[in-house]
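# Report on the structure
Chain by chain, the residues run as shown.
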Amino acid sequence: MPIKVLSDDLASRIAAGEVVERPASVVKELIENSIDAASTRIVVELAEGGAKSITVTDNGHGIPAVELPFAFERFATSKIDENSDLIAIGTLGFRGEALPSIASVSRVTAVSRSETSDAGARLVIDFGEKHSPEKTGAPVGTRIQVDGLFQNVPARLKFMGAPGREVSRVQSMLGSLALVYPNISFTLISDSRERLKTSGTGKLEDAVRAVYGSKIADQMLPLEPEEQSAFSVDGLISSPSINRSNRNYITLAVNGRTIQSRRLTYAVEQAYHGFLPERRFPIAVVRIQTPLSDVDANVHPAKSEVRFLREDLVHALVQRSIRGLLNVSAPVHELGSGRTSGVGLLRPVGGAMSGTGEVTRFVTTPGSVSTWPTPQDSIQRGMEHEDKPATQSDNGPEPSAVGGTPRETLPVLRVVGQARETYIVCEGPEGIYLVDQHAAHERVTYDRLQDAFSNQSTESQALLEPAVVDLAPGMLCIVQEHLEDLDKVGWDAETFGANSIVIRSVPGALSSRASSDGAGQVFINVLDELVQGGTGQSWVDRMLATVACHSSVRAGQILPIEDAKSLLRQLEKTTHPNTCPHGRPTLIQLSINDLEREFKRR
Ligand code: ADP
Ligand code: MG
């Protein structure tokens, strides 16, 4: 075939493939137009998952009748012109592709009335073929109805999921937009049933309540922007008491645009390191503001990816603000909150640290609902007990000695004894506490290792007999890459033959395991950490956690009371005394209220 310029119609259908993939992408484009038109109310209606029809109605500024046909021309847009900077774009749309693309693969009926005219206009485009516009009565705003999507593209039709799937895609996309625009009321109706409705009050918490429900909304922590600066982050993030098994509950937005970003999602995950168990993920709405000229949204036709001029800065900002908030808010784990069913002696409230991750709220008698301690509670704890310096004051967090970041506080505990050779039983200000001796010791050792690592003062213990570890294929090069870090922690390891490694010294903390068998085993675990990744921070942190785990007192080991006391004193000094480096709680609490109630003392 000779070279020809494609007809506009064919070019539109090709472009449509990029912009409109499925009903959810049509809805996204239409809603973005409504948002750009300054709407405060947007209603989305679907019939048969959008396959039969999609209707988006808004109360925005509308399109003047004379311009309505232009809206469906390719590359026709009111949002940029020849003089615009293609980087600094403040609207969600700018490519002028969505409407013509949609209209080339469906029958579109557009009705719009602009603020300045007293009548509306109606335009029908039948699979790319434009009818003439008509005058019609209509409220100010725009209503776009899309019927028979992809009826002329059989290949696309095949890729469309069952109506239920498409509805849930739309719902999740609409949910994210609703979280980013709490000032807009969004409604989703599917086959005449209301699926989602946000109030548009402008409060993010109300939007979270509408999208995720009250249980989650009640456990979200507010992320305040650090200060008035060109780059800022705000939003709501889940307290470590609740978590999810996937990343779908992390919503990211940059300058009002919801984005997909692996790196930023990872920054959020990293901030939770040590607060959540492995492979559990937070719920978060993170809204990033940057100067417009710092983000390029013109990377992908669907505009869901952006490029940052200073990605590292944004990454660090997100991580620092979330981490800072978690540091001051992490509560002591209350007994029962790890449970997922309400059977048992005590029924406090909280989220699961493991299991389904669902928050379960159990109410015994009216008014008996205990809640997670708030940051305020832990502040009070610090102040009530003068013998222990408070690390936080009423005026907000004060930097502690460690790393300049605010610290969690541990209640003042008096050791009563040891139970099941695993738990240290203590009495404290708000009840009885059980400390998991292994988890607590792990936290202490981990912090010490981390300190030593950053000061380059780790100790090393030579093995009486070097240990030879055979490695799985491919592992040797991974080890070689990390030899320097391994050395910094105290491992003296060297390659030995084609697929083995010989270990001559181990980190000092492991001296009790300084037999070559034990050392080899820990080394293999460390390598597993290296390969697996996970929600961990850097691999160094994960390695330190593994070493800490193997150096710490085990469950089932008798701990003399003096040792238990000393362990608690050391735990108090750590940065996160309430969780072990893997995110498990180090202590749980049986509150006095619960005890008195259960014993029918009141
Ligand atoms: P883009 O959003 O990239 O400009 P679209 O094809 O999505 O391109 O829309 C084309 C134009 O139609 C927009 O620039 C805007 O002027 C107008 N438009 C589309 N939808 C609406 C709406 N809901 N309210 C007001 N104007 C709209
Ligand atoms: Mg658009």
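The rules behind the values
- Residues numbered from 1 in each chain as written.
- Chains lettered and ligands numbered in written order.
- Predicted model: local features only at pLDDT ≥ 70, side-chain atom pairs only at ≥ 80, totals over all residues.
- Heavy atoms only, no water.
- Helix = DSSP H or I, 4+ residues; strand = E, 2+ residues; numbered from the N terminus.
- Buried < 20%, exposed > 50% of the residue type's maximum accessible area, 1.4 Å probe, protein only.
- Contact = heavy atoms within 4.5 Å.
- Areas by Shrake-Rupley, 256 points an atom, 1.4 Å probe, with all protein chains shown as cover.
- Axes fitted to C-alpha atoms, helices over the stretch in contact; angles between N-to-C directions.
- Parallel < 35°, antiparallel > 145°, perpendicular 65-115°, else oblique.
- Left-handed = near helix turned anticlockwise from the far one by under 90°.
- Nonpolar A, V, L, I, M, F, W, Y, C, P; charged D, E, K, R; others polar.
- Pairing = 2+ DSSP bridges.
- Near = heavy atom within 4 Å.
- Polar contact = N/O pair within 3.5 Å; in protein donor to acceptor, adjacent residues only side chain to side chain.
- Core = buried A, V, L, I, M, F, W, Y, C linked by side-chain atoms within 4.5 Å.
- Bend = angle between axes of the 7 residues up to and from the residue.
- pLDDT = per-residue confidence, 0-100.
- Expected span 1.5 Å × (residues − 1).
- Arc of directions from axis to C-beta.
- Salt bridge = Lys/Arg side-chain N within 4 Å of Asp/Glu carboxyl O.

## Quick word on the overall build of the chain
Looking only at helices and strands, the chain has 16 helices and 26 strands in total. Each of the 602 residues in the chain was classed as buried or not, and the buried ones make up 51%. Nonlocal contacts in the chain, meaning residues at least 24 apart in sequence, comprise 66% of its contacts between residues at least 6 apart. About 27,800 Å² of surface is accessible on the chain, with carbon and sulfur atoms providing 50% of the total.

## Remarks on the packing of helix α12 (residues 475-489) against helix α14 (residues 539-551)
Packing of α12 against α14 brings their axes to within 11 Å, and their N-to-C directions diverge by 40°. Considering the angle they form, α12 stands oblique to α14. Of the two possible hands of crossing, α12 and α14 adopt the one that is right-handed. Counting all contacts with α12, which are made through His 482, Asp 485, Leu 486 and Val 489, the residues of α14 involved are Trp 539, Val 540, Met 543 and Leu 544. Taken together, the residues that form the contact of α12 with α14 break down as six nonpolar, one polar and one charged.

## Things to note about the sheet that holds strand β24 (residues 492-496)
Strand order across the open sheet formed by three strands is β23-β25-β24, with antiparallel pairing between neighbours. The open sheet has two edge strands, β23 (460-470) and β24, and neither has a second partner. Sheet twist, expressed as the average angle between the axes of neighbouring strands with direction ignored, equals 15°. Sheet analysis places β24 next to strand β25 (residues 500-507), joined by five bridges and oriented antiparallel. Considered in β25, the bridge of Thr 495 is made with Ile 501. Across the sheet, α12 touches β24 and β25, and the angle it forms with β25 is around 15°.

## Topic: the packing of helix α11 (residues 437-454) against α14
Where α11 contacts α14, the axes come no closer than 8 Å and their chain directions differ by 130°. Considering their axes alone, α11 and α14 lie oblique with respect to each other. For the pair α11 and α14, the sense of crossing is right-handed. The residues of α14 that touch α11, namely those facing His 438, His 441, Glu 442, Thr 445, Tyr 446, Leu 449, Gln 450 and Phe 453, are Val 540, Asp 541, Leu 544, Ala 545, Val 547, Ala 548, Cys 549 and Ser 551. A breakdown of the residues in the contact of α11 with α14 according to their chemical character gives nine nonpolar, five polar and two charged.

## Things to note about the site of ligand 1
If you check the shell around ligand 1, you find 21 residues, and the closest are Asn 33, Thr 77, Ser 78, Lys 79 and Gly 96. Between ligand 1 and Thr 77, the relevant distance is 2.5 Å, taken from an oxygen atom to a side-chain nitrogen or oxygen of the residue. Thr 142 places a polar side-chain atom, nitrogen or oxygen, 3.3 Å from a nitrogen atom of ligand 1. Against a free-state accessible area of 520 Å², the protein chains account for coverage of 94% of ligand 1. Elements represented by at least two residues in the shell around ligand 1 include exactly α2 (23-36) and α3 (98-104). If one sorts the elements of the shell around ligand 1 by residue count, α3 sits on top with three residues.

## Focus: the side chain of Arg 22
Within the secondary structure, Arg 22 sits in the loop between α1 (8-19) and α2. Residue contacts for Arg 22: discarding those within four places in its chain leaves Leu 149, Phe 150, Phe 159, Gly 161, Glu 166 and Arg 169.

## Description of the nonpolar core
Counting 46 residues, the largest nonpolar core has Phe 72 and Phe 186 as the members making the most contacts within it. Here this core gets seven residues from one element, more than from any other, and that element is helix α5 (residues 163-180). If we skip the residues at most four places from it in the chain, Phe 186 touches Ile 31, Ile 35, Ile 42, Leu 174, Leu 177, Ala 178, Tyr 181, Leu 196, Lys 197 and Thr 198.

## As for the sheet that holds strand β12 (residues 250-254)
Spatial strand order, β10-β11-β14-β12-β13: five strands in an open sheet with mixed pairing. The open sheet has two edge strands, β10 (220-223) and β13 (257-259), and neither has a second partner. Strand-to-strand twist of the sheet, defined as the mean angle between neighbouring strand axes without regard to direction, takes the value 15°. Bridging between strand β11 (residues 232-238) and strand β14 (residues 284-289) involves six bridges; their strand directions are antiparallel. Its bridge partner being in β14, Leu 236 is matched across the sheet by Val 285. Sitting on the sheet, helix α9 (residues 311-329) touches β10, β11 and β14, and the angle it makes with β11 is about 45°.

## Observations concerning α12
Considering bend angle alone, the principal kink of α12 is centred on His 482 and spans about 60°. Those residues of α12 not exposed but buried are Met 475, Leu 476, Val 479, His 482, Leu 486 and Val 489.

## Section: the confidence of the model for the chain
Residues of the chain with pLDDT of at least 70 account for 82%, and the chain-wide mean is 80. Scored below 50 in pLDDT, residues 336-406 shows 136 contacts in the model against residues more than four places distant or in partner chains.

## Describing helix α15 (residues 561-572)
End to end, α15 covers 17 Å across twelve residues, agreeing with the expected 16 Å (1.5 Å per residue, within 8%). Within α15 the residues assigned to the buried category are Ala 564, Leu 567, Leu 568 and Leu 571. Considered in projection along α15, the buried side chains sweep an arc of 95° and stay on one side of the axis. Buried residues in α15 make contact with β20 (414-419), β21 (423-428), β22 (431-436) and α11.

## So, the environment of Lys 135
Mapped onto the elements of the fold, Lys 135 is located in strand β6 (residues 134-136). For Lys 135, a relative accessible area of 73% translates into the label exposed.

## Thoughts on the pattern of salt bridges
The tally for this structure, following the rule as stated, stands at 20 salt bridges. Salt-bridge contacts for Lys 28 lead to Glu 32; the nearest nitrogen and oxygen are separated by 3.1 Å. A residue pair is termed a helical-turn pair when its members lie 3 or 4 positions apart in one helix, as Lys 28 and Glu 32 do in helix α2 at four residues. Looking at Lys 28, the relative accessible area reads 13%, which means it is buried. Under the relative-accessibility criterion, Glu 32 is labelled buried at 3%. Between Glu 166 and Arg 169 there is a salt bridge whose closest N-O contact spans 3.3 Å. Here Glu 166 and its partner Arg 169 are both found in helix α5, three residues apart, which amounts to about one turn of the helix.

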